[in-house]
Amino acid sequence: MTGTDFFDAKGAISIADIAALTSARVVADGRDCGDAAIVGVASVDEAHPGELTFYDNRRYAGALALCRATACFLREADLRFLPHNVIGLVTERPQQAMALAMAELYPEAMAPASLFGGAGVSPSALVHPEARLEPGVVVDPGASIGPFAEIGSDTVIGSHAVIGPHVKIGRGCRIGPHVSVTHAFIGNRVIIHAGARLGQDGFGFTPVSKGYLKTPQLARVIVQDDVEIGANTTIDRGALRDTVVGQGSKIDNLVQIGHNVTVGRGCVIAAQAGIAGSCEIGDFVQIGGQAAIAGHIVIGEGAGVAAKAGVMRDIPAFSRYGGAPARPLRRFLRGEALLTRLSRRISDKNDKKN
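Please read these numbers as outputs of a predicted model, since none were measured by experiment.

(A) Layout of the environment of Asp45. Within the element layout of this structure, Asp45 appears in the loop between β4 (40-41) and β5 (51-54). Placed 23 residues apart in sequence, Asp45 and Arg68 show a C-alpha to C-alpha distance of 8.3 Å. Only 2.7 Å separates the side chain of Asp45 from the side chain of Ser43, close enough to count as a polar contact.

(B) Representation of the nonpolar core within the structure. Within the largest apolar cluster, 53 residues are counted, with the highest numbers of intra-cluster contacts made by Ile281 and Ile287. Elements supplying a minimum of two residues to this core: β18 (184-186) and β23 (221-223). Apart from the residues lying within four places of it in its own chain, the contact partners of Ile287 are Val268, Ile269, Ala270, Ala273, Ile275, Ile281, Ile293 and Val305. In terms of nonpolar packing, the next biggest core, distinct from the first, is built from 19 residues, Ile18, Ile38, Leu52 and Ala101 among them.

(C) Representation of a positive patch on the surface within the structure. Among the surface-exposed residues, Arg341, Arg345, Lys349, Lys352 and Lys353 lie close enough to one another that they form a single positively charged patch. If you trace the backbone, Arg345 turns up in helix α4 (residues 329-353).

(D) Here's a closer look at the pairing of strand β7 (residues 87-90). Neither face of β7 is left uncovered, since the one carrying Ile87 and Leu89 and the one carrying Gly88 and Val90 both have all their residues buried. Relative to β7, strand β2 (residues 25-27) runs antiparallel, the two being bridged by three bridges. Across the sheet, residue Val27 finds its bridge partner in β7, namely Gly88. Bridging between strand β6 (residues 71-74) and β7 involves four bridges; their strand directions are parallel. For Phe73, the partnering residue across the bridge sits in β7 and is Leu89.

(E) Inspection of the sheet that holds strand β20 (residues 197-198) at higher detail. With respect to topology, ten strands assemble into an open sheet ordered β8-β11-β14-β17-β20-β25-β28-β31-β34-β37, the strand pairing being parallel. The strands lining the two open edges of the sheet, one partner per strand, are β8 (126-127) and β37 (310-311). With two bridges connecting them, strand β14 (residues 162-163) and strand β17 (residues 180-181) associate as parallel partners. Residue pairing in the sheet places Val162 in a bridge with Ser180 of β17.

(F) Highlighting the pattern of salt bridges. Within this structure, the stated rule accounts for eleven salt bridges. Two residues, Lys10 and Glu104, come together in a salt bridge whose shortest N-O distance is 3.0 Å. Here Glu104 lies in helix α3 (residues 94-105) and Lys10 lies in the segment before β1 (13-14), a separation of 94 residues in the sequence. The class for Lys10 is exposed, based on a relative accessible area of 57%. Using a relative accessible area of 30% as the deciding quantity, one classes Glu104 as partly exposed. For Glu76, the salt bridge identified is with Arg25, shortest N-O distance 2.3 Å. A residue pair is termed long-range when its members are at least 10 positions apart, and Glu76 in the loop between β6 and β7 and Arg25 in strand β2 qualify at 51 residues. With a relative accessible area of 43%, Glu76 lands in the partly exposed category.

Rules used in this analysis
Residues numbered from 1 in each chain as written. Predicted model: local features only at pLDDT ≥ 70, side-chain atom pairs only at ≥ 80, totals over all residues. Heavy atoms only, no water. Helix = DSSP H or I, 4+ residues; strand = E, 2+ residues; numbered from the N terminus. Polar contact = N/O pair within 3.5 Å; in protein donor to acceptor, adjacent residues only side chain to side chain. Core = buried A, V, L, I, M, F, W, Y, C linked by side-chain atoms within 4.5 Å. Buried < 20%, exposed > 50% of the residue type's maximum accessible area, 1.4 Å probe, protein only. Contact = heavy atoms within 4.5 Å. Patch = residues over 30% accessible without salt bridge, like charges linked within 9 Å, V, L, I, M, F, W, Y side chains within 5 Å. Areas by Shrake-Rupley, 256 points an atom, 1.4 Å probe, with all protein chains shown as cover. Salt bridge = Lys/Arg side-chain N within 4 Å of Asp/Glu carboxyl O. Lys, Arg positive; Asp, Glu negative; His and termini not counted. Charge placed at Lys NZ, Arg CZ, Asp CG, Glu CD. Pairing = 2+ DSSP bridges.

Encoded structure:
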């Protein structure tokens, strides 16, 4: 099998340029290495000459000792573990520096691109004559764009994506294959990965004597600038008020955001989390994987919700909660520790009886 790399580096980059980009200090034991070329990246245990890596966890100290990379981001305290033949790039945040360097080397990996590498509108795309596309929009084969939709310049609409009537999508966006966007306004530089669904009905039903009465969902989804939405995530449109995702928030795969939810700026929501209708999530909140948040909950600014937490009450700003039902994280961890001790005592007693 040949040609296994899906992303090609845009070209070689010198150690001096990488150091300038990341504000790292070059340590090379007196060697003149500013012009040394980096042509790829790899993990610390798999890197070869010509490649860049990083080290920020002591469990990989053995791999670092055998590292063959040309250069490695690491902290000052870890320089003593670095092999003599590897150029050190000293920084307090090796992983962050590595991310910056990777983005510089592999810009095409930052967001979904046209599957066909085309320009303009594919002949097999269906674009309504009353849709408005600015210059530089790319529409891949099989995509459908409805009447009165507006799409900004330098946006890519992936294969078989569906953009509904009156939807507005800003500039520099990447809409992945098989995405559907209806009843929504999308800001600039938004990334929506494959299979995501935005703007469908919210789960709105009113109990009646013989079942449930469906509530019309009349509002929209508003996604502000620089948001990233993972594959197969669903964001329901609101009933009487908009569902909003704030600027710069990052949403993982398989997340469910219900109708009327407001997600603040700079939030991070991990995979399989579910947020029920009418919740208010403050700015810079972090929500762990598989967390479940009941309807009409308010989570304050800067709060953190641990993975698998079940949130049934409001969470104050800048606090940390975990468990099901969720409670302050330290209290939850103390409770788990107590249960562990009790189970050990019971087990020990049973062992003695036997």
